[in-house]
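Residue strings, one per chain:
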Amino acid sequence: MERRSLLSATAGALALGGLTQAPAVAAPARGGGGGRPVTTFNVISDIQGDLADLTQALKDIKTVNPHSAGLAVAGDITPRGYDFEYAEVRKALDQGPKPREIAWAIGNHEFYVPKWADPDTLAQDTWPNGTTEDSLFRSFYRFAGRSRTYAETTFGGIPVLTLGTERYMKYHDHSLWDEVWLSEAQFQWLEERLRYWSRRRKPVMVISHHPLPDTVSGTRNKLYMSDYLQPDRLLGLLGRHRDVFLFTGHTHWDLTLSDWYVRRTVLGTANLDGFSVINTGAVQTGFADNGQGGEVTVPGRFNQGLQVDVHRDRVIIKARDFATGTWLKQISVPLATRI
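Residues numbered from 1 in each chain as written. Predicted model: local features only at pLDDT ≥ 70, side-chain atom pairs only at ≥ 80, totals over all residues. Heavy atoms only, no water.

Draft legend 1. Helix 2 (residues 83-95), seen in detail. Across its 13 residues, helix 2 extends 18 Å between first and last C-alpha, which sits within 8% of the 18 Å expected from 1.5 Å per residue. Three or more residues of helix 2 are buried, namely Glu85, Tyr86, Val89, Ala92 and Leu93. Along the long axis of helix 2, the arc covered by the buried residues comes to 120°, so they all point the same way. In helix 2, the exposed positions that point more than 90 degrees away from the buried face belong to Lys91 and Gln95. Elements that come into contact with the buried residues of helix 2 comprise helix 1 (51-64), strand 4 (102-105) and helix 3 (133-144). Following helix 2 by one or two positions, Gly96 has its phi on the positive side, about 80°. (Helix = DSSP H or I, 4+ residues; strand = E, 2+ residues; numbered from the N terminus. Expected span 1.5 Å × (residues − 1). Buried < 20%, exposed > 50% of the residue type's maximum accessible area, 1.4 Å probe, protein only. Arc of directions from axis to C-beta. Contact = heavy atoms within 4.5 Å.)

Here it is in structure tokens:
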């Protein structure tokens, strides 16, 4: 059962225990930001087998941001998590233009092999069809070149932390499906890395497939309010740090919506300015609210993502339509400390 079918104020603004929406600011025609950034990188999510749009996105990124230090992919790399689907993504990347470095986050679609008796036969009634949970994680690990779902890299000296579920919950509780479970080790790692980079006065880019409740577009819709089993703990860690930027996908909600970027404050963290949360759009198919607690498909070709320019005193985030090769909007977020 798939969740889709089931289911600024300025950056320093105060919003106790909630969020502040930022106004959409039109980006210059060439995506300018005023001065050369310390580093620049790109973010996409939800490829889900749409390799034609992935290739188009990669070409557009290379043209518009040729000096990009890396690409963060916020999950749903594949439609189902088969090894041959990962291989197809790898082939598309190898055919280029290939990003300098890639930070992969795991998504719920990486766990959908158990719904199929074979690649051509949907068999949800006989889930998991002989597929083990370990095999799904091993497929992701082989593709991403690591041995756990969470990891750290840097894009031009700026830390990038990827988070990811460590259990596919259907194997552990038949009343659950795609909910995210993080281990104590992952929480401790995240806390330590945020503290480490805060002491070094660096903004931290956090990449997670699933959105946190009451943040960006779609997260007040009933479909996306319960993605995490431990949301308060994760919010509590991220909410301590003003210069944290959380990028989330999963919803496929349109980047033209007003709450594509928000500041999220968390009570009890002593950070009244909150932290930044950004919707990543999607490569494959767009959605928006249907006005009845569900969602509706965005008409036309949909292929969206982000460019992130990190300056010494601010971070400029720009929403891009890869299909039309146009900028949608941008936001400039002042940093609490200069890099």
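Picking up after the structure, the text goes on.
Draft legend 2. Geometry of unusual backbone geometry. Geometrically, the link from Gly96 to Pro97 is a cis peptide bond, its omega value of 0° lying close to zero. Structurally, Pro97 can be placed in the loop between helix 2 and strand 4. With an omega dihedral of 10°, the bond running from Trp127 to Pro128 counts as a cis peptide bond. Structurally, Pro128 is set in the loop between strand 6 (121-122) and helix 3. Even without being a glycine, Asp214 presents a positive backbone phi close to 55°. Position of Asp214 among the secondary structure elements: in the loop between strand 9 (204-208) and helix 5 (231-238). Accessibility expressed as a relative area gives 27% for Asp214, which makes it partly exposed. One non-glycine residue, Ala270, adopts positive backbone phi at about 65°.

Draft legend 3. Inspection of the nonpolar core at higher detail. Formed by 30 residues in total, the largest nonpolar core has its most connected members in Ile44, Leu54, Val73, Ile77, Val89, Trp104 and Phe140. Those elements that place two or more of their residues in this core are helix 1, strand 3 (71-74), helix 2, strand 4 and helix 3. At 5 residues, the largest contribution of residues to this core is made by helix 3. By size, the runner-up hydrophobic cluster in this structure holds 27 residues, among which are Val160, Trp260, Val308 and Ile331. (Core = buried A, V, L, I, M, F, W, Y, C linked by side-chain atoms within 4.5 Å.)

Draft legend 4. Geometry of the side chain of Thr40. With respect to the element layout, Thr40 can be found in strand 2 (residues 39-44). Judged by its relative accessible area of 8%, Thr40 falls in the buried class. One polar contact links the side chain of Thr40 to the main-chain carbonyl oxygen of Val308, over a distance of 3.3 Å. With sequence-adjacent residues up to four places away left out, Thr40 is seen in contact with Asn65, His67, Ser68, Ala69, Gly70, Gln307, Val308 and Asp309. (Polar contact = N/O pair within 3.5 Å; in protein donor to acceptor, adjacent residues only side chain to side chain.)

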